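# A look at the structure
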Amino acid sequence: MIFFHTQGMRTVTEAHQRARVAVIGATGAVGRQMLLDLAAAGFKHVTAFASPRSAGQSLPFGSRQLRVRKFARPSCCTGFDAVLLSAGGDFAQRYGKRLAAENAIVVDNSSAFRMAADVPLVVPEVNAALLDRDTYRIVANPNCSTIQLVVVLAALRRSFGLQAVDVATYQAVSGAGQRAVAELEQQLRDAQAVPQVFAQPIAGNVLAAIDRFDAAGHCFEEVKMVCETRRILDLPRLRMHATTVRVPVYHGHSEAVTVELEQEVSRAQALACLQEQEGLELVSVDDHARLPTPRTVAASSKVWVTRVRLPYGEARSRWLQFFVIAHNLKKGAATNAVQILTRILAGERCAK
Ligand code: A2P
């Protein structure tokens, strides 16, 4: 195990090459992407875990194949410098704390710990400084739709202040896991195929809610977006409305967003602000053929923003509209988790 604080600042490459990393949920949609991102970031010592039914499977890791090990209990996975966990909220609730006790750091992709006071909820472009504290053993990776939204909101808030946010999402099926991708594929081949993952057919359809409902009519995906955005931006009273929708797209979430700023801006000022934001690709040309789409940005790990505009007929306004797209398995999940890990390894935080 690496003790970061006693050995001072390492170069990123050195830390990556030495770090022993476990991925639990490696056979899932996000877990597979985590392996790709870890390999691309230069990690060498990676072990893949999944449920006992997947033990022995092979998964691509750079130019190699990793043999999947079974996770039967937390004692199967001890002594790692980091555990990237993507096996769902129930699994994280059950095993997350024990894994954190047995390994240096756990980065969890589920919603299990996102609102826990002692667990940082991090999007590195926005609040990476939280990782410099040495008071945590678990870091929570935010909800996919939240990650891409806050990268844009953070830039606007820094320059102009932020009063309110209204967002409607168009979310890809891979956000619901590997089985949901297979379900869309099957329904595109056979329109009569009975839905298993979604409550209604997703092919050729739009489903107006994601996850369970609360008593007030909000679905949990909306609740997550509101609560997590407020927490990441450290704006607990931010006025925010969300409508989360599933659409028949394999990968890539899209969002139509309207914000109310604290000060009036021109369109040029808004574009200049977004142009500067780390992790963000701005497309300001109004040309149908060049608008980013989930398909055209599929290879990218960035957040894409386009259609930036003021209310019709106004030259300056406190209201601004735009459209945001990102790959939900990359920046919306695996890439953000690997960025968190990279940032921790590059710092002086005590590992154990
Ligand atoms: P498995 O493929 O063996 O079921 P997705 O979100 O795409 O459905 O993926 C979920 C991931 O979490 C998969 O890798 C799945 O492994 C893994 N997983 C689910 N339950 C467990 C468990 N009890 N122990 C280990 N891994 C699990």
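Preceding this section is the structure that the text describes.
Residue indices follow the written sequence of each chain, beginning from 1 at its first position. Side-chain atom pairs in this predicted model are given and counted only at pLDDT of 80 or more, local residue features only at pLDDT of at least 70, and totals for whole chains, interfaces and linings cover all residues. Computation of side-chain values: all heavy atoms of the structure, hydrogens and water removed.

### Points about helix H5 (residues 144-160)
Elements are defined by DSSP. Helices are runs of H or I of four residues or more, strands are runs of E of two residues or more, and each kind is numbered from the N terminus. Multiplying one less than the number of residues by 1.5 Å gives the expected span of a helix. For H5, which comprises 17 residues, the first-to-last C-alpha distance of 25 Å matches the rise-based estimate of 24 Å (1.5 Å per residue) to within 8%. Given a residue, its bend is the angle between the two axes fitted to the seven residues that end at it and to the seven that start from it. Remark: the principal bend of H5, roughly 30 degrees, maps to valine 150. Only protein chains enter the accessibility calculation, which uses a 1.4 Å probe. A residue is then buried if its area is under 20% of the maximum for its type, exposed if over 50%, and partly exposed in between. Buried residues dominate H5, accounting for 14 of its 17 residues. Each polar contact in these results corresponds to two N or O atoms within 3.5 Å; when the atoms are within protein, one needs to be able to donate a hydrogen and the other to accept it, and residues that are neighboring in sequence are counted only if both atoms are side-chain atoms. At the N-terminal boundary of H5, the capping side chain belongs to asparagine 143, with an oxygen 3.0 Å from the backbone nitrogen of serine 145. Just past H5, the residue glycine 161 takes up positive phi, approximately 75 degrees.

### Looking at the side chain of threonine 306
By secondary structure assignment, the location of threonine 306 is in strand S13 (residues 303-309). Looking at threonine 306, its side chain comes within polar contact range of the main-chain oxygen of valine 283, at 3.0 Å. Any two residues having at least one pair of non-hydrogen atoms within 4.5 Å are treated as being in contact. Those residues within four positions of threonine 306 in sequence are excluded, and the remaining contacts are Val283, Leu291, Pro292, Phe322 and Phe323.

### Details of the packing of aromatic side chains
Any two rings among Phe, Tyr and Trp, with Trp reduced to its six-membered ring, count as a pair given centres within 6.5 Å; such a pair is stacked if its planes are under 30 degrees apart, edge-to-face if over 60, and tilted if neither. If you walk through the whole model with that rule in mind, you get five aromatic pairs. Pairing phenylalanine 71 with phenylalanine 91 gives two aromatic rings, centres 5.0 Å apart and planes at 65 degrees, and the pair type is edge-to-face. One end of the pair, phenylalanine 71, is in the loop between strand S5 (69-70) and strand S6 (82-85); the other, phenylalanine 91, is in helix H3 (residues 89-102), with 20 residues separating them in the sequence. The two residues phenylalanine 71 and phenylalanine 91 agree in class, both being buried. Aromatic rings pair up to connect Phe71, Phe91 and Tyr95 into one cluster.

### Observations regarding the nonpolar core
Only buried Ala, Val, Leu, Ile, Met, Phe, Trp, Tyr and Cys residues count toward a nonpolar core, and they belong to the same one when joined by side-chain atoms within 4.5 Å. In terms of nonpolar packing, the biggest core is built from 60 residues, with Leu156, Val259 and Phe322 touching the most fellow members. Sorting elements by how many residues they give to this core places H5 first, with ten residues. The start and end points of each domain follow an automatic or database-based domain assignment. Two domains each put at least three residues into this core: domain 1 (12-142 + 333-346) and domain 2 (145-328). Those residues within four positions of phenylalanine 322 in sequence are excluded, and the remaining contacts are Val152, Leu153, Leu156, Glu255, Ala256, Val257, Val259, Val305, Thr306, Arg307, Val308 and Arg309. Core analysis: the second largest hydrophobic core is formed by 36 residues, Val21, Val23, Leu66 and Leu329 among them.

### Some thoughts on helix H9 (residues 330-346)
In this model, H9 (17 residues) spans only 21 Å end to end at C-alpha, well below the 24 Å of a helix rising 1.5 Å per residue. Taking the largest bend as the criterion, H9 deviates by roughly 40 degrees, centred on asparagine 336. Burial within H9 is extensive, with 14 of its 17 residues counted as buried.

### Concerning the side chain of aspartate 37
Among the structural elements, aspartate 37 can be located in helix H2 (residues 29-40). Although aspartate 37 lies buried, it forms no salt bridge, and the closest oppositely charged side chain, lysine 330, sits 6.8 Å away as judged by the N-O distance. Beyond its immediate chain neighbours, meaning those up to four positions away, aspartate 37 contacts Ala334, Thr335 and Val338. We count Lys and Arg on the positive side and Asp and Glu on the negative side, and we leave His and both chain ends out. The salt bridge definition used is simple: a Lys or Arg side-chain nitrogen within 4 Å of an Asp or Glu carboxyl oxygen.

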